[in-house]
Amino acid sequence: MTILEAGDLAPPFSLLDQRGNTVRLEQFRGRKVLVYFYPEADTPGCTTQSCSIRDHMQDLAEIGTDVVGISPDLPDKQLAFDEKYGLGFPLLSDPDHAIAEAWGAWGEKTRGGATFEDIIRSSFLVDGSGRIERAWYAVKPKDTVPNALAALSA
C-alpha cells in the first residue's frame, strides 16, 4: 500500500465532479489544496466531515487553501449530497478507486468481524507546487479541519 509523506509529489488526478466537470490536481497550482477521501456520500461520518469543512471554507480560503473531496460515489450521488448540505466545493467521483489507491487511501478494513477493502478516511494538504505538505491516514471525521488548520497556521 502506498503511504504518502511530506515532500512526496501528490499523485495527479483527473476526475468528474458532482456537476460533470473534470477537475485536475494541476488546476490548483499556486494554491494549497486540502484533498480528503471519504467512504460514501450522505452517511453519518462523511456528512460530519464534509459539513465541518463547509463550515470552515471561509477560514481555509482566507489562508489560500482550496478543498476537494473524493469518494467512490458517482457524480449524481455527489450532487445530491452537495445540494442536501450546501457543501459548495468539488466532490470528485473515483468509482474504480484508482486515485484513492494512488494516494494510499484504499485498503483493508474490518467491521463487525468482516474484512473488506474500502476507502481509508484520509486527508492531505498539498502545497502550491503539487507536493504533499501533510498526510493524515485513518483520520476521524471531526479531525480533518482541526488538523488542516493547525498545519496551515504552523
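Our structure is the block above this text.
Residues numbered from 1 in each chain as written. Predicted model: local features only at pLDDT ≥ 70, side-chain atom pairs only at ≥ 80, totals over all residues. Heavy atoms only, no water.

> Mind showing me how you'd approach the overall build of the chain here?
Looking only at helices and strands, the chain features five helices and nine strands. For the chain, the N- to C-terminal ordering of α and β elements is β-β-β-α-α-β-α-β-α-β-β-β-β-α. Taken against the 2.2 N^0.38 rule, which gives 15 Å for 154 residues, the C-alpha radius of gyration of the chain at 14 Å falls within 12% of a compact globule. Taking the principal axes of the C-alpha coordinates as reference, the chain spans close to 40 × 35 × 25 Å. Among the 154 residues that make up the chain, the fraction classed as buried is 44%. Taking as baseline every contact in the chain between residues at least 6 positions apart, the subset at least 24 positions apart corresponds to 63%. Here the chain has roughly 7200 Å² of accessible surface; of this, 50% comes from carbon and sulfur atoms. For the chain, the distance from the average position of its 15 positive side-chain charges to the average position of its 23 negative side-chain charges is 4 Å. (Helix = DSSP H or I, 4+ residues; strand = E, 2+ residues; numbered from the N terminus. Rg over C-alpha atoms; globule rule 2.2 N^0.38 Å. Buried < 20%, exposed > 50% of the residue type's maximum accessible area, 1.4 Å probe, protein only. Contact = heavy atoms within 4.5 Å. Areas by Shrake-Rupley, 256 points an atom, 1.4 Å probe, with all protein chains shown as cover. Lys, Arg positive; Asp, Glu negative; His and termini not counted. Charge placed at Lys NZ, Arg CZ, Asp CG, Glu CD.)

> It is not clear to me how the packing of aromatic side chains should be interpreted in this structure. Could you clarify?
Two numbers describe a pair of aromatic rings. These are the distance of the centres and the angle of the planes. Enumeration over the complete set of coordinates arrives at nine aromatic pairs. Arranged with centres 5.9 Å apart and planes meeting at 90°, the rings of Phe37 and Phe124 form a pair that is edge-to-face. You can see Phe37 sitting in strand 3 (residues 32-37) and its partner Phe124 sitting in strand 8 (residues 122-126), a full 87 residues away along the chain. Joined through ring pairs, the aromatic side chains of Phe13, Phe37, Trp103, Phe124 and Tyr137 make up one cluster. (Phe/Tyr/Trp six-rings, centres within 6.5 Å; stacked < 30°, edge-to-face > 60°.)

> How do you make sense of the side chain of Asp118 when you look at a structure like this?
Mapped onto the elements of the fold, Asp118 is located in strand 7 (residues 114-119). Residue classification places Asp118 among the buried positions, given a relative accessible area of 17%. Leave out the neighbours within four places in its chain, and Asp118 touches Pro39, Ala105, Trp106, Gly107 and Lys109.

> What exactly am I supposed to notice about the pattern of salt bridges here?
Pairing between side chains becomes possible if they bear opposite charge and their charged atoms approach one another. For the structure shown, the criterion picks out nine salt bridges. Residues Asp66 and Arg31 are paired through a salt bridge, measuring 2.8 Å at the closest nitrogen-oxygen approach. Separated by 35 residues along the polypeptide, Asp66 in strand 4 (residues 65-71) and Arg31 in the loop between strand 2 (22-24) and strand 3 bring together distant segments of the chain. Judged by its relative accessible area of 34%, Arg31 is partly exposed. (Salt bridge = Lys/Arg side-chain N within 4 Å of Asp/Glu carboxyl O.)

> Just checking my understanding: could you explain the environment of Ile63 for this structure?
Along the chain, the position of Ile63 falls in the loop between helix 2 (57-62) and strand 4. Ile63 sits 70 residues away from Glu133 along the chain, and the two C-alpha atoms are 15 Å apart. Leave out the neighbours within four places in its chain, and Ile63 touches Leu149 and Leu152.

> Would you explain empty space enclosed by the protein in this entry?
To locate leftover empty space, one rolls a probe as large as a water molecule over the atoms. By the definition in use, this model includes one cavity of 30 Å³ or more. Its volume calculated, the largest cavity comes out at about 40 Å³. The wall of the largest cavity is formed by Leu25, Phe28, Arg29, Arg31, Val33, Val126, Asp127, Gly128 and Gly130. Residue composition of the lining of the largest cavity, grouped by class: four nonpolar, two polar and three charged. (1 Å grid on protein atoms, 1.4 Å probe; cavity = no way out; pocket = protein on both sides within 12 Å on 5 of 7 lines; lining within 4 Å. Points joined across faces, edges and corners; volume = space filled by probe spheres on them. Nonpolar A, V, L, I, M, F, W, Y, C, P; charged D, E, K, R; others polar.)

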